[in-house]
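One-letter residues, chain by chain:
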Amino acid sequence: MAEVVQIPRVKLGTQGLEVSKLGFGCFGLTGGYNDPVAEDVGISIIKYAFSKGITFFDSADIYGANSANELLIGKALKQLPREKIQLATKFGIEMLDFSEKIFKINGTPEYVRSCCEASLKRLGVEYIDLYYQHRVDTTVPIEETVGELKKLVEEGKVRYIGLSEASPDTIRRAHAVHPITAVQIEWSLWTRDIEEELIPLCRELGIGIVPYSPIGRGFFGGKGVVENLPASSGLAFHPRFQAENLKKNRIIYDRIENLAKKHQCAPSQLALAWVLQQGNDVAPIPGTTKIKNLDQNISSLLVELAEKDLKEIAEAVPIGDVAGSKYFDAEIAVDINWKFANTPLPKDSRISA
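Quick summary incoming for the structure in this document. (Residues numbered from 1 in each chain as written. Predicted model: local features only at pLDDT ≥ 70, side-chain atom pairs only at ≥ 80, totals over all residues. Heavy atoms only, no water.)

**Digging into helix H8 (residues 243-262)**
Along an α-helix, residues three or four positions apart point the same way, because every turn accommodates 3.6 residues. Rules: Secondary structure counts use DSSP, requiring at least four H or I residues in a row for a helix and at least two E residues in a row for a strand, with both numbered from the N terminus. A helix is expected to span 1.5 Å multiplied by its residue count minus one. Each residue is placed in one exposure class: buried if its accessible area under a 1.4 Å probe, protein chains only, is under 20% of its type's maximum, exposed if it is over 50%, and partly exposed if it falls in between.
Along its 20 residues, H8 runs 29 Å from first to last C-alpha, staying within 8% of the 28 Å computed at 1.5 Å per residue. Among the residues of H8, Leu 246, Asn 249, Ile 252, Tyr 253, Ile 256, Glu 257, Leu 259 and Ala 260 are the ones counted as buried. Trailing H8 by a residue or two, Gln 264 shows a phi angle of about 55°, which is positive.

**Focus: the packing of aromatic side chains**
What characterises a pair of aromatic rings is the spacing of the ring centres plus the angle enclosed by the ring planes. Where we set the bar: In this analysis, rings of Phe, Tyr and Trp, with Trp reduced to its six-membered ring, are considered paired at centre separations within 6.5 Å, and the interplanar angle assigns stacked below 30 degrees, edge-to-face beyond 60, and tilted for intermediate values. The rule for a charge over a ring is simple: NZ of Lys or CZ of Arg within 6 Å of the ring centre, and within 35 degrees of the ring normal.
Per the stated rule, a full pass over the model turns up ten aromatic pairs. For the ring pair Trp 190 and Phe 219, a centre distance of 4.3 Å and an interplane angle of 20° mean the geometry is stacked. Here Trp 190 is found in the loop between strand E10 (180-186) and helix H6 (198-205), whereas its partner Phe 219 is found in the loop between strand E11 (208-212) and helix H7 (223-227), with 29 residues between them in sequence. Of the two residues, Trp 190 and Phe 219, both sit in the buried class. A centroid spacing of 5.0 Å and a plane angle of 85° characterise the contact between Phe 219 and Phe 220, whose relative ring orientation is edge-to-face. The pair formed by Phe 219 and Phe 220 is uniform in burial state, with each residue classed as buried. Of the aromatic side chains, those joined through ring pairs into one cluster are Trp 190, Phe 219, Phe 220, Phe 241 and Tyr 253. The side chain of Arg 82 reaches across the aromatic face of Tyr 127, ending 4.2 Å from its centre. Positioned over the ring face of Trp 190 is Arg 240, at 5.0 Å from the centre of the ring.

**Brief notes about the pairing of strand E7 (residues 102-105)**
This is how it is decided: Pairing between two strands is assigned when DSSP locates at least 2 bridges connecting them.
Residue alternation in E7 divides its side chains into a buried set, Phe 103 and Ile 105, and an unburied set, Ile 102 and Lys 104. Relative to E7, strand E6 (residues 93-97) runs antiparallel, the two sharing four bridges. Bridge pairing links Glu 94 to Lys 104 in E7.

**What to know about the pairing of E11**
Threshold: A right-handed crossover is one whose linking path, passing over the helix from the first strand to the second, runs clockwise when the strands point away from the viewer.
Judged by how many residues are buried, E11 sits mostly within the fold: five of five residues are covered. The two faces of E11 match: Gly 208, Val 210 and Tyr 212 on one face and Ile 209 and Pro 211 on the other face are all buried. As defined by bridge partners, E10 adjoins E11 across five bridges and the pair is classed as parallel. Of the residues in E11, the one forming a bridge with Ala 182 is Gly 208. What joins E10 to E11 is H6, and the crossover it makes is right-handed.

**Structural notes on the nonpolar core**
Defined as follows: To form a nonpolar core, buried Ala, Val, Leu, Ile, Met, Phe, Trp, Tyr and Cys residues must be joined to one another through side-chain atoms within 4.5 Å. Whether two residues touch is decided by their heavy atoms; if any such pair falls within 4.5 Å, the residues are in contact.
Ile 54, Phe 57, Ile 171, Phe 220 and Ile 256 are the most contacted members of the largest nonpolar core, which totals 85 residues. Per element, the largest residue contribution to this core is seven residues, and it comes from helix H9 (residues 267-276). Not counting residues within four places of it along the chain, the set of residues in contact with Ile 171 comprises Leu 163, Ala 166, Val 183, Leu 198, Leu 201, Leu 205 and Ile 207. Core analysis: the second largest hydrophobic core is formed by 14 residues, Tyr 132, Ala 182, Val 210 and Tyr 212 among them.

**A closer look at the pattern of salt bridges**
Short version of the rule: Within this document, salt bridges are pairs made up of a side-chain nitrogen of Lys or Arg and a carboxyl oxygen of Asp or Glu, the two lying within 4 Å of each other.
Under the counting rule described, the total for this entry stands at 21 salt bridges. As a salt-bridge pair, Arg 82 and Asp 129 come within 2.9 Å of each other at their nearest N and O atoms. Note that Arg 82 is positioned in the loop between helix H2 (68-77) and strand E5 (86-91) and Asp 129 in strand E8 (residues 128-133), a separation of 47 residues in sequence. In this structure Arg 82 comes out as buried when scored by relative accessible area, which is 15%. According to the relative accessible area criterion, Asp 129 is buried, its value standing at 5%. Residues Arg 173 and Asp 169 are paired through a salt bridge, measuring 3.7 Å at the closest nitrogen-oxygen approach. Of this pair, Arg 173 and Asp 169 both sit in helix H5 (residues 168-177), four residues apart, which is roughly one turn of that helix. Residue Arg 173 is classed as partly exposed on the basis of its relative accessible area of 32%. Residue Asp 169 is classed as partly exposed on the basis of its relative accessible area, which comes to 47%. Via salt bridges that share partners, Arg 113, Glu 117, Glu 148, Lys 151, Glu 155 and Lys 157 belong to a single interconnected network.

**Considerations on the sheet that holds strand E4 (residues 56-58)**
Taking strand neighbours across the sheet as the criterion, the seven strands line up as E3-E4-E5-E8-E9-E10-E11 in an open arrangement whose pairing is parallel. With partners counted over all chains shown, the strands left at the sheet margins are strand E3 (24-25) and E11, one partner each.

Printed below as a string of structure tokens:
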């Protein structure tokens, strides 16, 4: 009989939000990287995750055509106890043309409020537990954006405020307007540029850390992912999964695979366990469309790593050895500099969400 995993609880921020240590990123359920799953399958996965102790679910208003992700979660919530769930969603990327992937970053107060109202309706809830600005609009002072979020908190429509992919300066300025409860950021064995400045800042200010893509956008999910990526997959366009970069990065995968054997777990479990054990203020949100992968992710909580193990694992993936940008060529980067092949983007741009 498989060992029952008790998923611990952690506090994000100092305002009172408590979540399951392991969250669930819902992005992939409505076609994040591959084809979307059937609605009943998506609902069953969410319900299964909850039955296993995951209570922290992450979405965004631009996930899926016509905000399909929030609509899906809304239907799942009707079958679950709302008071036991911590629901996170995001605003800030305005859809101009979904099929052509044309978006606009929008952080105006008016847009903040309209997005919140629309998300509440789609989700079928009276409040959002954690509401993130998905990407920072550098044309609007962060004080104005967070000022409107503060009003939504005061009105009871939002309980806690978060930022996603924000720079340290932006985080500090936002936190001065209203306490930021969590920062969502990419953090995994092969994406660790945030460790020098951003993570220490979050801990200085008492802000929780929510790593997305903690398994390297699936890179550490197994050789099948690394060697047989379908041409139709959105990841086929990611710099780290292309041709020469992938060839170099396979060496990194092999190192983690060898260490996983030492710890008697799968490479994905070792990669996720490494993120999970970065602190009591860390709650990663891996996503999947398969129950077997979800079970494997949950079991990563059983992988025990001593300080020397964490160091050994990190040293197996030197940041300089990872080939390719962590961003899609046309993806929004951190608000320090919107990037398109390392060139600043105009405000209306083709990007990948």
